[in-house]
Amino acid sequence: MIKPVPLYIGLRYVAARRRQQFISFINGFSLLGMALGVFALIVVTSVMNGFDRELKTRILSVVPHGFVEQKGGLEDWPAIATQLRAQPHVQAASPFVRGFALLGANNQSQGVEFQGVDPEALRQVSAVGEHMLVGSLDGLESRSYNIVLGRILARQLGVMPGDSVILTLPDVMITPAGIFPRTKRFTVAGVFSVGAQVDQNMALMHLDDAARLLRMPGKVQGLQLKFDDMNNALGRVEGYAENLGEGFTGEDWSHSQGSLFQAVKMEKTVVTLMLMIIVAVAAFNIVSALVLMVADKRSDIAVLRTLGLTSRQIMTVFVVQGSAIGIIGALAGGLLGTLMALNLTDIVSWVEQVIGAQIFDPRVFFVSFLPSEFRPGDAIMVLSAAVLMSLLATLFPAWRAAQIAPAEALRYE
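What comes next concerns the included structure. All of these numbers come straight from a predicted model, not from anything done at the bench.

Each helix and strand in the chain was counted, giving 14 helices and 10 strands. Looking at the chain residue by residue over its 413 residues, the buried ones come to 46%. Partitioning the intrachain contacts of the chain with sequence separation of at least 6 by distance along the chain shows that 78% fall at a separation of at least 24.

This is the structure we're talking about:
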């Protein structure tokens, strides 16, 4: 016999099948529900982690890791860039001028963020040049008034390299004929595709052309920074800007793109809480199974009490039984969920080959495959929550069992 005795009896009750088919069914249903909930949680959190990783990788390969600006603009920006490159973890710095405008062509218009850049310096801080579908950043020359658009933006406007677009600034000019918005005609020199939101709302032009549009010739708004690791930019850019002197400000990618990543994080949290309901339902099933078990085993409990088991030991019997169901279900779901999360991308690709269709159409979705990133910390959190719920679910039925009086239970036996 396994000792201690409450552990032995509790495990026997888990495996019992005779005369308790209904209770056995509820036990099995609880175990299956627990396994399904843990499985779903691990897979879904891995998919959310995968999407977060893809967004960060794609967006931050194009969007610089940090920005340093000075009020009124920078004139001697090469000297400032040299100082910044000397800071820890900073690999490159590139000048920029940016603004917002309305871009129109073919009776279509779209609000965009335009950036004036130096093509050679931009290649050091951004990988946009590696994602050109047509054309090249070399087409951005001073006074050429050429422009490079994102893939979705170009498709919405119905333009391709060689076509003209009209850029309208949120500014006006006063002429003898009246007040007119400031506009400038640009020629499309290329189209890039990153597979992220920047494909829809970003346009690039030469630094000098953007400076003239914003009436700040000979100056730049600031410098874009690239770090050896995007996480090293967090909390450092502001300090580097302060070290440059008065009037300098800095922000890292968590400010410029933070709302998007916060939305992804919030979505992951909400989905996790919603799926945790499955685990909670399985825990309630454990309560039901134990309540029925206690009612069916009243006489057995009374006999055990007369043989010397204390109320605490009786309570331990049913805690062991309910916890065993929850732990077995959680471990089974955790194992299957881990295997699925590690191979989900390959499985979805295989399904796409079998059915001959692509689940995520690249013309609609930025990410054309189902990414997955398994994180042991998330799995441990899910398993811990499932085991804790299972343990808490056993306390009330076990307490009820411990309150059964032997004389009352055996009176009519």
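Further notes follow.
Before going further, it helps to examine a nonpolar patch on the surface. The grouping of M266, V270, M274, I277 and V281 at the surface amounts to a nonpolar patch, some 470 Å² of accessible area in total. Tracing the sequence through the fold places V270 in helix α10 (residues 258-296). A relative accessible area of 41% places V270 in the partly exposed class.

Another point: the nonpolar core. Formed by 67 residues in total, the largest nonpolar core has its most connected members in L103, I147, L149, L167 and L204. With 8 residues, strand β2 (residues 90-105) is the largest single contributor of residues to this core. Setting aside residues up to four positions removed in sequence, L204 forms contacts with Q115, L122, V128, L137, L140, N146, I147, V148 and F192. L290, I314, V319 and A341 belong to the second-largest nonpolar core, a separate cluster that totals 32 residues.

For the rest of this paragraph, the subject is helix α11 (residues 298-306). If you check which residues of α11 are buried, you get I301, A302 and L304. Angular distribution of buried residues about the axis of α11 spans 160°; they occupy a single face of the element. Positive phi appears at G308, one or two residues downstream of α11, with a value of about 120°.

Opposite charge on two side chains allows them to pair when their charged atoms are near. Here the structure, examined in full by the defined rule, presents 6 salt bridges. R98 is the salt-bridge partner of E69, the closest N and O atoms lying 2.7 Å from each other. With a gap of 29 residues between them, E69 in strand β1 (residues 66-74) and R98 in strand β2 connect regions that are remote in the sequence. Across the pair E373 and R375 runs a salt bridge whose closest N-O atoms are separated by 3.6 Å.

Per the stated rule, a full pass over the model turns up 4 aromatic pairs. Ring centres 5.6 Å apart and planes at 70° place the aromatic pair Y145 and F186 in the edge-to-face group. Taken together, the residues Y145 in the loop between β4 (132-135) and β5 (146-150) and F186 in strand β7 (residues 178-192) connect sequence positions 41 residues apart. Taking the centre distance of 6.2 Å and the plane angle of 5° together, the rings of F227 and Y240 count as stacked. Taken as a pair, F227 in strand β9 (residues 220-227) and Y240 in helix α8 (residues 237-244) lie far apart in primary sequence, 13 residues in all. The class of Y240 is buried, set by a relative accessible area of 8%. Above the plane of the ring of F67 lies R98, whose end atom (NZ or CZ) is 4.6 Å from the centre.

Thresholds, definitions, all that
Residues numbered from 1 in each chain as written. Predicted model: local features only at pLDDT ≥ 70, side-chain atom pairs only at ≥ 80, totals over all residues. Heavy atoms only, no water. Helix = DSSP H or I, 4+ residues; strand = E, 2+ residues; numbered from the N terminus. Buried < 20%, exposed > 50% of the residue type's maximum accessible area, 1.4 Å probe, protein only. Contact = heavy atoms within 4.5 Å. Patch = residues over 30% accessible without salt bridge, like charges linked within 9 Å, V, L, I, M, F, W, Y side chains within 5 Å. Areas by Shrake-Rupley, 256 points an atom, 1.4 Å probe, with all protein chains shown as cover. Salt bridge = Lys/Arg side-chain N within 4 Å of Asp/Glu carboxyl O. Core = buried A, V, L, I, M, F, W, Y, C linked by side-chain atoms within 4.5 Å. Arc of directions from axis to C-beta. Phe/Tyr/Trp six-rings, centres within 6.5 Å; stacked < 30°, edge-to-face > 60°. Lys NZ or Arg CZ within 6 Å of the ring centre and 35° of its normal.

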